[in-house]
Amino acid sequence: MLCKAANRVINRNEPTFLEEACSRILSFCNSNSLKQGISVHSPVIKLGLHHHLYLNNNLLSLYAKCFGVNKARHFFDEMPHKDVVSWTGILSAYVKNGNHDTALRVFDSTLISGESPNEFTLSSVLRSCSSMGEFDYGTCIQGYVIKEGFDQNPVLISGLIDFYSKFGLVTEASNLFITKGNHDTVTWTMMISSCVLAQRWVQALQLYVDMVKAGVAPNEFTFVKLLGACSAHGLNYGKLVHAHILLRGVKLNVVLKTALVNMYSRFRKMEDAIKVSNSTPEYDTMLWTALISGFAQNSMFRKAVSTFHAMGVSGIIPNNYMFSSILNVSSLMLSLALGQQVHSRVVVTGLEGDVSVGNALINMYVKCSDNVEDALRVFRGISLPNVVSWTSLIAGFAEHGLQLDSFHLFTEMREAGIEPNSFTISSIIRSFGAAKLLPQILMLHGHVVKTNLYEDIAVQNALVDFYAEFGMLNDAWQIVDRMNRRDAITYTTLASRMNQMGHHESALHIITDMKNDDIKIDEFSTASFLSASADLGTIMTGKQLHCHSVKSGLCKWFSVLNGLVNLYGKCGCIHDAQRAFGEIGMPDIFSWNGLISGLTSNGYIPSALSTFDDMKLSGVKPDAITFLSILSACSNGKLTDLGLEHFQSMREIYNIEPQLDHYVHLVGILGQGGRLEEAMEVIQTMPFTANTSIYKTLLRACKAHRNIPLAEHTAKQGLELDPFDPAFYILLTNLYQDAEKQLRKNPSHCWVEIRDKVHVFVAGERSHPRTNEIYEQIESFEAEFKKHGYLFQGIVHSYYHSEKLAVVFGLLNTPSKATIYVIKNSSICRDCHNFMTFVTQLIDREIIVREGNRLHSFRKGECSCRG
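Residues numbered from 1 in each chain as written. Predicted model: local features only at pLDDT ≥ 70, side-chain atom pairs only at ≥ 80, totals over all residues. Heavy atoms only, no water.

Whenever I open this one, the sheet that holds strand S4 (residues 846-851) confuses me. Can you help?
Spatially, S2-S1-S3-S4-S5-S6 is the arrangement adopted by the six strands of the open sheet, whose pairing is mixed. The sheet terminates laterally at strand S2 (757-762) and strand S6 (862-863), the two strands that pair on one side only. Relative to S2, strand S1 (residues 749-754) is paired through six bridges, and the arrangement is antiparallel. Bridging across to S2, Cys750 finds its partner in Phe761. (Pairing = 2+ DSSP bridges. Helix = DSSP H or I, 4+ residues; strand = E, 2+ residues; numbered from the N terminus.)

I keep staring at the environment of His233 and nothing clicks. Help me out?
Among the structural elements, His233 can be located in helix H14 (residues 220-233). Overall, His233 belongs to the partly exposed group, its relative accessible area being 24%. When the C-alpha atoms of His233 and Val202 are compared, they prove to be 8.5 Å apart, with 31 residues separating the residues in sequence. For His233, the contacting residues outside a window of four places in its chain are Trp201, Val202 and Leu205. (Buried < 20%, exposed > 50% of the residue type's maximum accessible area, 1.4 Å probe, protein only. Contact = heavy atoms within 4.5 Å.)

When you look at the domain arrangement of the protein chain in this model, what are you seeing that I'm missing?
Interface size, as often reported, equals the accessible area lost upon joining of the parts. Parsing the protein chain into structural domains produces domain 1 (152-250), domain 2 (403-485), domain 3 (486-572) and domain 4 (749-863). Each of domain 2 and domain 4 has a C-alpha centre, and these two points are 51 Å apart. (Domains from an automatic or database assignment.)

I'm lost on the confidence of the model for the protein chain in this one. Help?
When pLDDT is low, close inspection of the predicted coordinates is not appropriate. Of the residues in the protein chain, 91% have a pLDDT of 70 or more, and the chain-wide mean is 85. Note on residues 738-743: pLDDT is under 50 here. Beyond four places in sequence and across chains, it has three contacts. (pLDDT = per-residue confidence, 0-100.)

I keep staring at the pairing of strand S3 (residues 820-824) and nothing clicks. Help me out?
Residues in a regular strand point their side chains to alternate faces of the sheet. Across the five residues of S3, five count as buried, placing the element largely inside the fold. Here S3 shows no split at all, with Ile820, Val822 and Lys824 on one side and Tyr821 and Ile823 on the other all buried. Bridge count for S1 against S3 is three bridges, and the pairing is antiparallel. Pairing of Cys750 across the sheet is with Lys824, part of S3. Tracing the backbone out of S3, into helix H47 (residues 830-842) and back to the parallel element S4 gives a crossover that is right-handed. (Right-handed = clockwise from strand over helix to strand, strands pointing away.)

Is there a simple way to explain the pattern of salt bridges in this structure?
Charged atoms that come close allow side chains of opposite charge to pair. Considering all chains together, one arrives at 20 salt bridges under this definition. Two residues, Asp641 and Arg675, come together in a salt bridge whose shortest N-O distance is 3.6 Å. Of this pair, Asp641 sits in helix H39 (residues 640-652) while Arg675 sits in the loop between helix H40 (660-672) and helix H41 (676-685), and the two are 34 residues apart along the sequence. Close ionic contact of Glu657 with Arg651 constitutes a salt bridge, the shortest N to O distance being 3.0 Å. Residue class for Glu657 comes out partly exposed when judged on its relative accessible area of 46%. (Salt bridge = Lys/Arg side-chain N within 4 Å of Asp/Glu carboxyl O.)

Looking at this model, I keep getting lost on the pairing of S4. Mind explaining?
Counting buried positions over the six residues of S4 gives six, a clear majority of the element. Of the pairings in the sheet, the one linking S3 to S4 comprises five bridges and is parallel in character. The residue of S4 that forms the bridge with Ile823 is Arg850.

Any chance you could explain helix H12 (residues 185-197) here in plain terms?
Three- or four-residue spacings in an α-helix give side chains the same orientation, since the helix completes a turn every 3.6 residues. A rise of 1.5 Å per residue sets the reference length of H12, with its 13 residues, at 18 Å; its end C-alpha atoms lie 18 Å apart and thus fit the reference within 8%. The buried fraction of H12 amounts to ten of the 13 residues, a majority that puts the element mostly inside the structure. Buried within H12 are the following residues: Thr185, Thr187, Trp188, Thr189, Met191, Ile192, Ser193, Ser194, Cys195 and Val196. Of the residues one or two after H12, Gln199 is the one with positive phi, at around 60°. (Expected span 1.5 Å × (residues − 1).)

When you look at the nonpolar core in this model, what are you seeing that I'm missing?
As a rule of thumb, soluble globular proteins bury nonpolar side chains together. Within the largest apolar cluster, 216 residues are counted, with the highest numbers of intra-cluster contacts made by Phe529 and Ile694. Dropping the residues within four chain positions of it, Ile694 is found in contact with Tyr663, Val664, Val667, Ile683 and Met686. Core analysis: the second largest hydrophobic core is formed by 28 residues, Cys832, Val839, Val849 and Phe858 among them. (Core = buried A, V, L, I, M, F, W, Y, C linked by side-chain atoms within 4.5 Å.)

Before we go on, may I ask you to explain the packing of helix H38 (residues 624-636) against H39 in this structure?
Two numbers describe how H38 lies on H39: the axes approach to 8 Å, and their chain directions differ by 160°. The angle between H38 and H39 places the two elements in the roughly antiparallel class. Relative to H39, H38 is oriented so that their crossing is left-handed. Contact with H38, carried on its side by Phe627, Ile630, Leu631 and Cys634, involves Leu642, Gly643, His646, Phe647, Ser649 and Met650 of H39 and no other residues of that element. A class-by-class count of the residues in the contact of H38 with H39 yields seven nonpolar, three polar and no charged. (Axes fitted to C-alpha atoms, helices over the stretch in contact; angles between N-to-C directions. Parallel < 35°, antiparallel > 145°, perpendicular 65-115°, else oblique. Left-handed = near helix turned anticlockwise from the far one by under 90°. Nonpolar A, V, L, I, M, F, W, Y, C, P; charged D, E, K, R; others polar.)

What am I meant to see in the packing of aromatic side chains here?
For any pair of aromatic rings, the description consists of the separation of the ring centres together with the inter-plane angle of the planes. What the rule picks out here adds up to 22 aromatic pairs. Residues Phe761 and Phe809 carry aromatic rings whose centres are separated by 5.3 Å and whose planes lie at 55° to one another, so their mutual orientation is tilted. Taken together, the residues span a long stretch of sequence, with Phe761 in strand S2 and Phe809 in helix H46 (residues 802-812) at a distance of 48 residues. Assigned by exposure class, Phe761 and Phe809 land together as buried. (Phe/Tyr/Trp six-rings, centres within 6.5 Å; stacked < 30°, edge-to-face > 60°.)

How do you make sense of the packing of helix H15 (residues 235-247) against helix H16 (residues 254-266) when you look at a structure like this?
For the pair H15 and H16, interaxial distance at closest approach is 10 Å and the crossing angle is 160°. By the angle class used here, H15 and H16 are roughly antiparallel. For the crossing formed where H15 meets H16, the hand is left-handed. Residues Leu235, Gly238, Lys239, His242 and Ile245 of H15 lie in contact with H16, whose contacting residues are Leu256, Leu260, Met263 and Tyr264. Of the residues contributing to the contact of H15 with H16, the split by class is six nonpolar, two polar and one charged.

Honestly, the UniProt feature "repeat: PPR" (unreviewed entry) in the protein chain in this entry has me stumped. Any pointers?
The positions that UniProt labels "repeat: PPR" (unreviewed entry) are, in the present scheme, residues 83-117, 184-218, 284-318, 386-420 and 588-622. Between the first and last C-alpha atoms of residues 184-218 the distance is 9 Å; the span itself is 74% helix and 0% strand. (UniProt positions renumbered as here; feature names shortened; annotations may be inferred.)

Help me understand unusual backbone geometry in this model?
Residues apart from glycine generally show negative phi values, whereas peptide bonds are mostly found in trans. In this structure, Leu334 takes a positive phi of about 55° despite not being glycine. Structurally, Leu334 is set in the loop between helix H20 (320-333) and helix H21 (336-349). Overall, Leu334 belongs to the exposed group, its relative accessible area being 57%. For Lys638, which is not glycine, the phi dihedral falls at a positive 55°. Note that Lys638 resides in the loop between H38 and H39. Overall, the relative accessible area of 58% leaves Lys638 in the exposed class.

Have a look at this one:
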C-alpha cells in the first residue's frame, strides 16, 4: 500500500507536494514503527530529495527502529548533510541497543563536527554514563549542562536525577529535584523511580502525594513505578494505587497492566491478576510472561502451562523472556517432558544461541534430567556464555554429585576470562556445602578474601550458612561480626541452622541482635523464631511473635501461619493451632502435617485421623512426614490393624519408601497390640540397621506385656549398640523390680516460662529460693484433695518430682486464669499425673505438660491423654 502511495507521489511530479507527502508517510511510519515506511527511501533518491535533511533524519530514525543500529549507521555515514538531530538520532540508537561505549564515541564526534548538542543528545549521553559506570564523565556532562544554560531543562533534570540514582546517590538526586522548580510529569516520575530503585518506599509514595498536590497529573509510567514501591508496603497499598489509576481515568495500556499483574501475583492474588489482564483486549509478550511468572510464583504450574499454550494460539511469538519463564516453570515442576517440548520450540524459533534462554535450558536440564550431559550440550551451544551460564552449570554438576568436575569447571571459567560474581560464588558455596565439601569451600573462601567479593553481602551470607551448617558457629559469628552490613537473611540463616542443631534458645537470642542492627523481622525469620519457640515450648515468646506478625502484616504468609500451627500444636494449644490453620487459604503439605502432628501429640487421635482424610480429599498428597504422625497416632491410640494398613499404603499407594523412623513406629504399633514376636521380626527383616530407639520401643512394649525373655534379648541387642544408655537398664530394672542393682536414672528436670524468664526445676533439688512456699502449697492441695474426697494416694518422694514443683510454681506466679505450660525431659509419673488432674478439678486453670513429642492437657479434672 505504501509502495503504491509512493508511485502516486512520483507520478504527480510536484516538488513541494512530493516533499510533504514523503515527510507525512515517514512521520506516520516512525510513530507506529512500520518498517514498510522504508520503501519511501527509493522514491526520495529518484526524486533527488536525498539531500533533504528533514527526510533523511526521519529515514535514519526509521532504520534504527525497524532494522537495527547497524543499518542505521550505514545510512548515517552516507548522509551528505548532518545536523544535531542526525547525530542525536544515531547516538540514541546506540544507547537503546546497549552499545554505550560507541555512543560516547559518537558524542565526541558530534562535538568535533562543530554541532552543539541539545537536551536530547545530552540526556542520551547521561544514560550511557550511568550504564557504563562513568561517573566522572557524567559529572562533566552536568557541568556542560550548567554552562550552556540547560540546567532548568526538564528533560535534563530528569536525566540527571536518573544518573545520580543509578549510582546510589539518591540524596544528591533529591537535592537536584528540590532546587529545580516547575517539574513536569516526567521529572516527578523519574524522582519517584529513583526512590523505588533505592528502596525508599515511603519517600516514593510521599512524592506521589506531593505531585498530586502540586497539580501535576501522573501518567501510566508514574503508576508503574508506584506499583514497584507497593511490594514493601503490602497488598492494601497496591490496591490503593490501582484505585487511583481508575479514579484518574488513566488508560490501562499493556505496560501498566503488566505492572498490576506483577503486583497482584506477588501477593498471591492471581484472580485479580487475571481480571486486570482481561480488562482490555491488548496483550503483548511481556504481559503473557508476567502471567506465566505469576502462576509459577504461586505454584500454579498447570495454569502457567495452559497460559503458554493460550499465548501460542493468540499468534504472539514467544521471545527469549517468555521461553526463560516457561522453562523456569518446567524446572519447578521437575518436568523433563515439558522442558524438552519447550526446547524444541526454542530451536524452531532460532533462539537456541540466546544466552538467557540457554541459561534457562541449563537450569531445566540440571533440575529435571539425570544426565548432566544434556545441560553441558546446551552450554556448548551458547554463542557467548556469560557468568550466569557458568554458574548454573557449575552448581548443576555439584548437585549431581560431580563435585570435582564442578570445581574443574570453576577453574575453566576463570581461565576463559569470566570472573565469578557474587551470585556465582554464593551459589557454588551452597552447592559445595550441601555436598559437605569442606576443603573446596575453604579454598573458595581464600579466593574470595583476595577479591572485593568478600565485602559482598550475598557471599558473606553464603559463608555464614556454610559454617553454621557444619556446626562451626564460632566461625559463622566471626564472619557476621566483620560484616559492614547485615540483613534479615544473615540472621535468618543463623537461626535456622541453630534450630537444626537444637540450639533453640540461642536462635531466639538472635531477635535481640536483629533489633540492635535495626533489621526488621520478616516472614522467614519469624518462621524460624516460631520454630525455636515451638521446640522449646516457650509459648509466651511464641505469642509475642504472633502479635508481631499480626501488627506487621506477616500473618498472611504461608511460612508464618505454618509456624503458628506448629507452635500451638507443640505447646498444647490445639484450638489455637486449628484457628491458625483455618486462616490458611490453600493449606500445603506443611500446613496439614503441622496440624496432624499437633492433634496426635495432644492425644486427639480420632481428630488426627479425620484430618488426614480431609487432607487427602483436598488433593494434597501425604509425604513421609505425614505418615510419621499417622503411625504415631495409631500407636498411641492402640489401633494396630489401622496402623498396619497405613504402613502398607505408604509404598503401595503413595510410592513412599518407609524410612527407619517409620519402622520404629511400626514396632510401637505391633508392641501396643501385644504382637511382640512380629515386632522383633520387623526389626530383623527391615532394610535398615537397627538403632537404639527401635530397641527401646520394643523393650517398653515387653515391659507393658511382661515378656521378660524377649525384654532381656532386646536390651542385650540395644546395649551392644550403646552400652552407656541408661534407658535400657532402667526399663529392665522396672521390669524386674530389682532393688539390688540400685540403678537410678539421671534426675528429671522441668522448666516453666514466667514473664519471659525460664525457671528450671530438677527432681530432688531444693535450691530454688521459693522451695518452702512451693512445698507448703503442695501440702495445701493434698489436704484439699482429702477434704473433697478425691482418691489421691500421694507418694512422699513425689514431692520432689520436677513436674509437680514447676506446676505449683507456675500457679503461684501467674494470673488466676492463665494457662500453665511445663516442659519435662522424661515421662510424667502416675502420681504427678493424678495430682495435676485433681488440681484442675479444684481450680479453673489449664495445665499443659509436654514430655518429648507428647503433650498432656489437664482441664476440669481431665487429661487429653484420657489416662
